[in-house]
Amino acid sequence: MTHSPDPAYKAQTEKEEKPSHFRLLMVALATCALVAGAGYHYSGSGTGSSTAPLAGGAADQNSDTAQPRAGVQLSLIAPDKAADALAMSSFSEKEQADILAAVKRRELRLVAMPIFDATGTGGTVTVICGTTRQTVLLQPKPTVLILPITVAGNVDIIPSSDPGNVGIGSGVVTMFGPQALPIMHQGDTLGLTVIAQ
């Protein structure tokens, strides 16, 4: 008597492992992000937005759709250290009190934006964030500006001194390290979207 094996115990062929499409997708996305960042950096140098700030200090909101804003991730200042950070800022006492009250109400967050001279040409820029304006002399060593934003906020940088023919080249220190910004000439406005991390 011969017994044939039970069909439930027959050896089954193993499926071949297919390469992960997730890994391929992540590599493609990282490559696209690098190419887009480099393209923005090189296409933006020497040509800034010609949007001038309005008299009230806020940037023209309609220009945001015409000119893309570079996104930068900056360090969030803890709410319990907000008073100390504001005390070292260039804000007036009334501005400091108003900003601190908004931070306590959780309407605003504070971020530190170290800004520096990226090209060695010097110059002075004005940084506009909401209704606040801060003017800073660019130096090779970063100057830390305190910016009041919500979760993310638009920041405009405009030349305050004559940039001359070479322009003003600023840079910021982000969560990922120093980042050179496009060169600005007279009448240019450099728009950034700041994200608190």
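As shown above, the structure is provided for reference.
Everything quoted here is computed from the prediction, not taken from an experiment.

Novice: Looking at this structure, how should I read the pattern of salt bridges?
Specialist: A pair can form between side chains of opposite charge whenever their charged atoms are brought close. Taken as a whole and assessed by the stated rule, the structure comprises 3 salt bridges. Across the pair Arg 105 and Glu 107 runs a salt bridge whose closest N-O atoms are separated by 3.0 Å.

Novice: Hey, could you run me through the environment of Val 155 in this one?
Specialist: As for its position among the elements, Val 155 is in strand S6 (residues 152–159). According to the relative accessible area criterion, Val 155 is buried, its value standing at 0%. Separated by 38 residues in the primary sequence, Val 155 and Thr 193 place their C-alpha atoms 6.1 Å from one another. Filtering out sequence-adjacent residues up to four positions away, Val 155 remains in contact with Arg 69, Val 127, Ile 128, Cys 129, Leu 147, Leu 190, Gly 191, Leu 192 and Val 194.

Novice: Looking at this structure, I do not really get the nonpolar core. What am I missing?
Specialist: Ranked by internal contacts, the top residues of the largest apolar core, which has 24 residues, are Met 113, Ile 115, Val 125, Val 127, Leu 147, Ile 157 and Val 194. Every element with two or more residues in this core is listed here: strand S1 (70–77), strand S2 (109–117), strand S3 (124–129), strand S5 (143–149), S6 and strand S9 (190–196). Among the elements that take part in this core, S9 stands out by supplying 4 residues, more than any other. What Val 194 contacts, discounting residues up to four positions off in sequence, is Val 72, Leu 74, Val 111, Leu 147, Ile 149, Val 151, Ala 152, Gly 153 and Val 155. One finds Leu 86, Phe 91, Ile 99 and Leu 100 within the second-largest nonpolar core, a separate group that totals 11 residues.

What counts, and where the lines are drawn
Residues numbered from 1 in each chain as written. Predicted model: local features only at pLDDT ≥ 70, side-chain atom pairs only at ≥ 80, totals over all residues. Heavy atoms only, no water. Salt bridge = Lys/Arg side-chain N within 4 Å of Asp/Glu carboxyl O. Helix = DSSP H or I, 4+ residues; strand = E, 2+ residues; numbered from the N terminus. Buried < 20%, exposed > 50% of the residue type's maximum accessible area, 1.4 Å probe, protein only. Contact = heavy atoms within 4.5 Å. Core = buried A, V, L, I, M, F, W, Y, C linked by side-chain atoms within 4.5 Å.

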